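# Structural characterization, general
Residue strings, one per chain:
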Amino acid sequence: LVNSNTRFEAAEGKLSGSGVSASLRVVGDLAGIFLDEEARSRRDPREAVYEVVMHDACGAAEGGLFFGVSRVYPGKIGAEYFMTKGHFHSKRNRAEYYWGIAGEGLLLLMDESRQCRAERVSPGSLHFISGYTAHRLVNTGRSMLVVGACWPSDAGHDYDSIQRDGFGLRVLDVDGQPQLVPADG
Ligand code: 6PG
Ligand code: NI
């Protein structure tokens, strides 16, 4: 009988111990992601936008799972709320679960024909992300947005198609309220 030396404090979304690693995305990593690229380029490139902490128990082989927590800082670039890069899984049929832990935000979802929708993310919300669906977290609140995730470890990330074409929806602050604005056409 042994204790696992990996800890997940579910209420705060704090993941620690063996197999856990963290990565930070700063303003300087996010060229071409936000609508107002000029506003982004004027910001301190070291400013934190989000971080991902994940537990890798098995590597990326087929049949494995990864478990992680994303924390999106509160903030905006121009009128657009801080958000993740967003991606399709490289293996397109790979699905994922997200769940809200703290803060308020939106999960933007887009299928391969660019049909978009958004789900409200709040503590306790559960989100099933089907395969073939790009996903992006947007922090529309004033505190950290903390979201748990579990996904097949061979899913991979296709960032290029989002970098090239973006999402069909953007989330902008319009008179102090988050508004979904079509990005296409
Ligand atoms: C994944 C998950 C999740 C995601 C982060 C950061 O497939 O790995 O969806 O951990 O990576 O929320 O978002 P980006 O990967 O789009 O930067
Ligand atoms: Ni994913």
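Structure shown above.
Residues numbered from 1 in each chain as written. Chains lettered and ligands numbered in written order. Predicted model: local features only at pLDDT ≥ 70, side-chain atom pairs only at ≥ 80, totals over all residues. Heavy atoms only, no water.

Within the protein, the atoms that donate to the nickel ion (ligand 2) are His87 (NE2), His89 (NE2), Glu96 (OE) and His135 (NE2), at distances of 2.1 to 2.2 Å. The sequence pattern describing where the donors of the nickel ion (ligand 2) fall on their chain is H-x1-H-x6-E-x38-H. Looking at His89, the relative accessible area reads 3%, which means it is buried. (Donors = N, O, S within 2.8 Å, 3.2 Å for Na, K, Ca; no water. Buried < 20%, exposed > 50% of the residue type's maximum accessible area, 1.4 Å probe, protein only.)

Turning our eyes to something else, we now look at the site of ligand 1. The local shell around ligand 1 holds 14 residues, among which Tyr50, Ser70, Tyr98, His157 and Tyr159 are the closest. Contact distances for ligand 1 include 3.1 Å between an oxygen atom and a side-chain N or O atom of His89. Between ligand 1 and the protein, one listed contact pairs an oxygen atom with a side-chain N or O atom of His135 at 3.3 Å. Surface burial for ligand 1 is 96%, taken as the share of its 400 Å² of free accessible area covered by protein chains. (Near = heavy atom within 4 Å. Polar contact = N/O pair within 3.5 Å; in protein donor to acceptor, adjacent residues only side chain to side chain. Areas by Shrake-Rupley, 256 points an atom, 1.4 Å probe, with all protein chains shown as cover.)

Turning next to the pattern of salt bridges. Under the criterion given, the structure shown has 13 salt bridges. Notably, a salt bridge pairs Glu38 with Arg42, separated by 3.0 Å at the nearest N-O pair. Here the residue Glu38 and the residue Arg42 both occupy positions in helix 1 (residues 37-42), the gap between them amounting to four residues, near one helical turn. Its relative accessible area of 58% is what places Arg42 among the exposed residues. When the shortest N-O distance is used, the salt bridge between Asp154 and Lys91 registers 3.7 Å. Here Asp154 is found in the loop between strand 13 (145-152) and helix 2 (160-165), whereas its partner Lys91 is found in the loop between strand 7 (80-81) and strand 8 (96-102), with 63 residues between them in sequence. Within this structure, Lys91, Arg94 and Asp154 form a network of salt bridges that share partners. (Salt bridge = Lys/Arg side-chain N within 4 Å of Asp/Glu carboxyl O. Helix = DSSP H or I, 4+ residues; strand = E, 2+ residues; numbered from the N terminus.)

It is worth spelling out the nonpolar core at this point. A general feature of soluble globular proteins is that nonpolar side chains tend to end up buried together. In this structure, Tyr98, Leu107, Leu137 and Val138 are the most contacted members of the largest nonpolar core, which totals 35 residues. If you list the elements that add at least two residues to this core, you get strand 4 (48-56), strand 5 (65-72), strand 9 (105-111), strand 12 (133-139), strand 13 and strand 14 (169-174). For this core, the element with the most residues is strand 9, which contributes five residues. The contact partners of Leu137, leaving out residues within four places of it in the chain, are Ser70, Val72, Phe82, Met83, Thr84, Tyr98, Leu106, Leu107, Val121, Leu145 and Val147. Ranked by size, the runner-up nonpolar core spans five residues in total, among them Val53, Val69, Ile101 and Val146. (Core = buried A, V, L, I, M, F, W, Y, C linked by side-chain atoms within 4.5 Å. Contact = heavy atoms within 4.5 Å.)

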